[in-house]
Amino acid sequence: MTDREEIKLISFEEIEDIDIGSLDIDGARDLVGDLTYTLNYHSDSYYNKDNPEISDYQYDRMMRCLIGLEDKYPDLKAPDSPSVRVGGRALEKFDQYRHQRPMLSLGNVFSEEEIRDFDRRVRSSVSGDVNYVVEFKIDGLSVGLTYDQGVLQIGATRGDGFIGENVTDNIKTIKTIPIKIDEDRKLIARGEVYISKADFEAVNAYQIDHDLPVYANPRNLAAGSLRQLDSRLAAKRPLDIFIFNLENMDELGIKKHSESFEYMESLGLKINKGYKLCTNIDEVIDHIEYWTDKRGQLDYDIDGMVIKVDSLDQREVLGFTAKSPRWATAYKFPAEKKKTKLLDIEIEVGRTGTLTPTAVLEPIRLAGTSVSRASLHNEDYIKERDIRIGDTVLVQKAGEIIPQVLEVDFDERDGSEIVFEMPKHCPVCGEETVRLEGEAAVKCINISCPAQIRRGIIHFVSRDAMDIEGMGESIVKLLLDKELIKDIADLYYLDPNDLEQLERMGKKSVANLMASIEKSKTNELWRLINGLGIKFVGLKGAKLLAKAYNNLDEIMAASSEDLIKIDEFGTIMSDSVEKFFEEDKNKETIEKLRRAGLNFENIKEEKTDRPMLFEGMKIVLTGTLPTMKRNDAKKIIEDLGGRATSSVSKSTDFVLAGEEAGSKLDKAISLGVKVIDEARFVSILDLDSKEDVINSLANE
């Protein structure tokens, strides 16, 4: 950086007095050194010590000066330059990174009894007293940081625990992560990138003000921001981090996890000070119970507590399973429930005409997100629970995802509540509604109902159907409102000149959308079948139909007696397909699609000599894979003769698990079903036969 013996802290006034253009290379070198030191000092004061000494304006002006010098003299840019915080060039994709120390996941416990079982297993395996460190389980994105010679070299996502994505440029934009530390030995740390509740609300407020989509929860925003290919975009997001583990503390001579916290903090790494060292399992349980009730007071989301054996020597005795350490576990909080007021019940009409009641609630924060609406399922659900408008209701998220009304607090009733009745007429088109005998759903049977048309088009363009990129729900609504389309076929007759007149539709976005529409014409037949929205025929049924027939015309001509011969096709599905293609309106739409040039043929893949490695095997995919999209992995399985099933059972041959695998992974382990990661899956693809696959899995 500079040959001077002393690098000094300089003031904003000194910068203002310097004529940058008059500096020679030596003067520029000295100033770059001073600015780098000064800006890193002030960044640490602001982000880590909460004690800013200069204004944001002064900091930004000094940063601008540094960037100007580095642009003019690129060789002067130091490894710890604070300019990396603003982001750099955009990448085409992230490189893979193999972790030097595997970033394993944790087993889960859900009750006090299971916590005590964990403690008994630990104490039965080690000698001496056992101390535990209990930490918050931050609801964010896990990353690994590698420092070498005191400089941050690598920042990578966890991925499958063995291979992640190299997101170093984005990691460096997080201002609470030091680029340089006072440690010459290699140091590998693990942390959780997150966004605070306050920052999340501020980002969403900005999105609302600028008529942009809001984000679902802080974790999704943090994960999406960290995986931006353009680090300049990541730099604009208020990402933060808590470092919770020193992965190679054995190499650094540290013998206790609690001591590693003190050491990491001394280096300037941001730790969460909510951890507690406990001398017995009763203290652990007391600490967990306290934060189970108080977690809502934190300015960041946590979804549990992590329990770790403190002693490194005891950890070495306990060792690891294939997926997780035996010396640690995660206690998962029970589903959060809160009371709120049910302000109204609104009706939404789906693409099949089903009227679904939705509760409009006084907004509450639940499991990391703001909840103002919840499903009430159907008329029977409301009547069975005697749910009325104006009631105080208990709400929770099913599976931590879907908000639902559990029950009514009848003690809160004052007589002003209104009994709800399902409408006798469709709220969208005004036609009479019907409830067929034996069905719970109330339906609008008007096939020209605008709500059904809108939902049908949204389904048609979706990822599992025609996959028309850029054609989201808001665009579909806009096209319908402007009467540019009336059905799915009209999408292929859009005039780009008409689109360019629409709000927020410039030439480039219109060109991209038209290209995506054109591209969809060559889709595989199953996508078109799925997009048509035939009742009772979902994605799987569409693929079965496409596989059984050569083209759409053969399917249209098939009788229900023919269709029922398809494996896994029942009477209800067969009758529904036959009835769908008998409808004159549906025939007109299909002819319109034909004239537009859509592919109606079953594109037969060229036969290869590639062995059917998974022939007849049942394989479950769960979690987020580090490099593959789940749909791509599913296609590989199906192309090689396997079936990608949705639930784990004893008949499952193996589970392909990624990050955040959840309950399917737990069930697989409990049933003794083989679990593999993406790297292992890819290696299996190089085998020569199904027998080799079976033997390979059996020998692990």
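Residues numbered from 1 in each chain as written. Predicted model: local features only at pLDDT ≥ 70, side-chain atom pairs only at ≥ 80, totals over all residues. Heavy atoms only, no water.

Turning next to the side chain of aspartate 310. Within the secondary structure, aspartate 310 is located in the loop between strand S10 (302-309) and helix H11 (312-318). Within the buried set, aspartate 310 has no salt-bridge partner at all; the shortest N-O distance to an opposite charge, 5.1 Å, is to lysine 256. For aspartate 310, the side chain forms a polar contact with the main-chain nitrogen of serine 258, separated by 2.7 Å. Once residues within four sequence positions are removed from consideration, aspartate 310 is found in contact with Asn131, Tyr132, Val133, Lys255, Lys256, His257, Ser258, Leu277 and Arg315. (Helix = DSSP H or I, 4+ residues; strand = E, 2+ residues; numbered from the N terminus. Buried < 20%, exposed > 50% of the residue type's maximum accessible area, 1.4 Å probe, protein only. Lys, Arg positive; Asp, Glu negative; His and termini not counted. Salt bridge = Lys/Arg side-chain N within 4 Å of Asp/Glu carboxyl O. Polar contact = N/O pair within 3.5 Å; in protein donor to acceptor, adjacent residues only side chain to side chain. Contact = heavy atoms within 4.5 Å.)

Let us look at the side chain of threonine 157. Mapped onto the secondary structure, threonine 157 falls in strand S5 (residues 151-157). In this structure threonine 157 comes out as buried when scored by relative accessible area, which is 5%.

What follows covers the sheet that holds strand S7 (residues 187-194). Strand order in the open sheet formed by 4 strands is S5-S4-S7-S8, and the pairing between neighbours is antiparallel. One side of each edge strand has no neighbouring strand; the edge strands of this open sheet are S5 and strand S8 (240-246). Mean inter-strand twist for the sheet, computed between neighbouring axes without regard to direction, equals 30°. With 6 bridges connecting them, S7 and S8 associate as antiparallel partners. Looking at S8, one finds that tyrosine 194 is bridged to aspartate 240. Its contacts with the sheet place helix H9 (residues 257-266) against S7 and S8, and it is angled at close to 135° to S8. (Pairing = 2+ DSSP bridges. Axes fitted to C-alpha atoms, helices over the stretch in contact; angles between N-to-C directions.)

How big an interface is tends to be expressed through the accessible area that disappears when the partners come together. Each domain of the chain was delimited in the assignment, giving domain 1 (12-86), domain 2 (107-332), domain 3 (337-435), domain 4 (450-596) and domain 5 (618-699). Summarising the inter-unit geometry, the C-alpha centres of domain 4 and domain 5 are found 31 Å apart. Across the contact, 6 residues belong to domain 4 and 4 residues belong to domain 5. Of the roughly 290 Å² buried at the junction of domain 4 and domain 5 (both faces included), carbon and sulfur atoms supply 27%. (Domains from an automatic or database assignment. Buried area = accessible area lost by both parts, 1.4 Å probe.)

Turning our attention to the packing of aromatic side chains. Throughout the structure, instances matching the rule amount to 14 aromatic pairs. With a centroid separation of 4.8 Å and an interplanar angle of 80°, the aromatic rings of phenylalanine 136 and tryptophan 291 are classed as edge-to-face. Here tryptophan 291 lies in helix H10 (residues 281-294) and phenylalanine 136 lies in strand S3 (residues 132-138), a separation of 155 residues in the sequence. A relative accessible area of 8% means that phenylalanine 136 is categorised as buried. For lysine 543, the ring lying beneath its charged end belongs to tryptophan 526, and the centroid distance is 4.6 Å. (Phe/Tyr/Trp six-rings, centres within 6.5 Å; stacked < 30°, edge-to-face > 60°. Lys NZ or Arg CZ within 6 Å of the ring centre and 35° of its normal.)

Moving on, we get to the UniProt feature "binding site: NAD(+)" (unreviewed entry) in the chain. Residues annotated in UniProt with the feature "binding site: NAD(+)" (unreviewed entry) correspond here to Asp56, Tyr57, Gln58, Tyr59, Asp60, Ser105, Leu106, Glu135, Arg158, Glu192, Lys308 and Lys332. For the annotated residues, spread through 277 residues, the largest C-alpha to C-alpha distance comes to 45.0 Å, inconsistent with a single compact locus. Tracing the sequence through the fold places leucine 106 in the loop between strand S1 (96-98) and strand S2 (107-109). Beyond its immediate sequence surroundings of up to four residues, leucine 106 is in contact with Val306, Ser324, Pro325, Ala328, Thr329 and Ala330. Leaving out residues up to four positions away in the same chain, lysine 308 has contacts with Asn131, Tyr132, Val133, Glu135, Phe244, Asn245, His257, Arg315, Trp327 and Ala328. (UniProt positions renumbered as here; feature names shortened; annotations may be inferred.)

The 4 strands lie next to each other as S22-S21-S23-S24, forming an open sheet whose pairing is parallel. The strands lining the two open edges of the sheet, one partner per strand, are strand S22 (643-645) and strand S24 (675-676). Pairing between strand S21 (residues 618-622) and S22: 3 bridges, direction parallel. From the neighbouring strand, lysine 618 faces S22, where its bridge partner is arginine 643. Lying over the sheet, helix H24 (residues 663-671) contacts S21, strand S23 (654-657) and S24, oriented at roughly 135° with respect to S21.

Here we come to the environment of phenylalanine 261. For phenylalanine 261, the position within the fold is in helix H9. Residues phenylalanine 261 and threonine 36 lie 225 residues apart in sequence; the distance between their C-alpha atoms is 27 Å. Dropping the residues within four chain positions of it, phenylalanine 261 is found in contact with Val133, Glu135, Ile243, Phe244, Ile271 and Tyr275.

Looking now at unusual backbone geometry. With phi around 50°, aspartate 386 is a residue other than glycine that occupies positive phi space. A positive phi angle, near 60°, is found at glutamate 483, a position not held by glycine. Relative to the helices and strands, glutamate 483 resides in the loop between helix H14 (473-481) and helix H15 (496-499).

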